[in-house]
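# Observations on the model geometry
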Amino acid sequence: MRKLTYFIACSIDGFIGDPGGDATSMLRFLDEEYIAFLKTEYPETLPTQGRRALGLDDLPNKRFDTVIQGRGSYDLALVEGITSPYAHLREYVASSTLKESPDPNVEIIADDLPGKVRELKAEDGEFGIYLCGGSRTAGELLDEIDELVIKTYPLVYGTGMPMFGSGFAISEFAPESVRTFGNGVLVRTYSRKR
């Protein structure tokens with residue numbers, strides 16, 4: 001069974017962006033040490049454009065072969081004219097409003113997102129599924145998430161877009177590891193307790 005991993009950046013107080021979803025304040029923490037970590041451990045989580053800019057186009061996938069993102073996350077690429085932000089992965093976008101995919105590499109999931117994810121998890125394969133965001137998509141998939149990789153940036157937002165846009169529900173995860181970087185970023189990994 002393949003794992004669904006929510007690999008997400010957030011503030012100390014658990015927000016993945018400001019109230020509108022803007023997380024550009026976190027970009028300043030992409031220093032040499034941190035990029036080296038992403039390149040070594042999670043190269044496929046870097047968008048295709050970023051991989052090209054860093055000269056990493058040829059890096060093989062290490063953990064994931066599929067990405068799922070919500071419409072809001074996908075729109076960040078679309079406004080830049082990028083229709084396939086993770087061209088090195090199989091791409092799915094959860095959206096009830098985007099009726100037709102603007103790119104042959106991107107499949108739209110209009111309904112029963114948890115069912116589609118269960119189908120993807122049941123496939124044979126050595127790689128997992130990367131849940132890129134956003135908040136509502138993560139909330140809808142909370143019961144399907146097997147692993148959390150939370151990149152916590154040394155910022156406090158006070159308010160903003162939460163990691164999970166869902167109603168109250170307690171889900172328990174077990175801590176696996178914590179890595180600290182010189183720039184103040186923490187990367188915490190948790191696995192779901194089942």
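This text gives an overview of the structure that appears in the document. As the structure is a computational prediction, the values presented were derived from the model and not from experiment. What you see as residue numbers is a count from 1 along each chain, following the sequence as written. For a predicted model such as this one, the threshold for reporting local features is a pLDDT of at least 70, and the threshold for listing and counting side-chain atom pairs is 80 or more; totals across whole chains, interfaces and linings nevertheless cover every residue. Hydrogens and water molecules were not included; the side-chain quantities draw on all heavy atoms of the structure.

### Describing the pattern of salt bridges
One side-chain nitrogen of Lys or Arg within 4 Å of one carboxyl oxygen of Asp or Glu is enough to make a salt bridge. Scanning the model with the defined rule gives 14 salt bridges in all. Between Arg-52 and Asp-57 there is a salt bridge, with the nearest N and O atoms lying 3.2 Å from each other. Across the salt bridge formed by Glu-172 and Lys-193, the nearest N and O atoms sit 3.1 Å from each other. Residue Glu-172 is found in the loop between β8 (161-162) and β9 (173-180), and its partner Lys-193 is found in the segment after β10 (186-192); the two are separated by 21 residues along the sequence. Each helix is a run of DSSP H or I of at least 4 residues and each strand a run of E of at least 2, with the numbering of both proceeding from the N terminus.

### Describing the side chain of Asp-103
Along the chain, the position of Asp-103 falls in the loop between β4 (90-94) and β5 (106-109). Pairs of N or O atoms within 3.5 Å make up the polar contacts considered here, provided that, within protein, one atom can donate a hydrogen while the other can accept it, and that residues adjacent in sequence are counted only when both atoms are side-chain atoms. A distance of 2.6 Å separates a polar atom in the side chain of Asp-103 from a polar atom in the side chain of Thr-83. Note on contacts: a residue pair is in contact if any heavy atoms of the two residues lie within 4.5 Å. With near-sequence residues (within four places) excluded, Asp-103 lies in contact with Thr-83 and Ser-84.

### Describing the packing of aromatic side chains
Pairing of aromatic side chains here covers Phe, Tyr and the six-membered ring of Trp, requires ring centres within 6.5 Å, and sorts the geometry by plane angle: under 30 degrees stacked, over 60 edge-to-face, intermediate tilted. Under the criterion given, the structure shown has 12 aromatic pairs. Measuring from centroid to centroid gives 6.0 Å for Tyr-34 and Tyr-153, while their planes differ by 80°, and the two rings are edge-to-face. Highlighted residues: Tyr-34 in helix α1 (residues 32-41) and Tyr-153 in strand β7 (residues 147-153), separated in sequence by 119 residues. Among the aromatic residues, those joined into a ring-pair cluster are Phe-7, Phe-29, Tyr-34, Phe-37, Tyr-42, Phe-64, Tyr-86, Tyr-130, Tyr-153 and Phe-181. A cation sits over an aromatic face here: Arg-63 above Tyr-42, 4.2 Å from the ring centre. Over a ring means this: the NZ of a Lys or the CZ of an Arg is within 6 Å of the ring centre and within 35 degrees of the ring normal.

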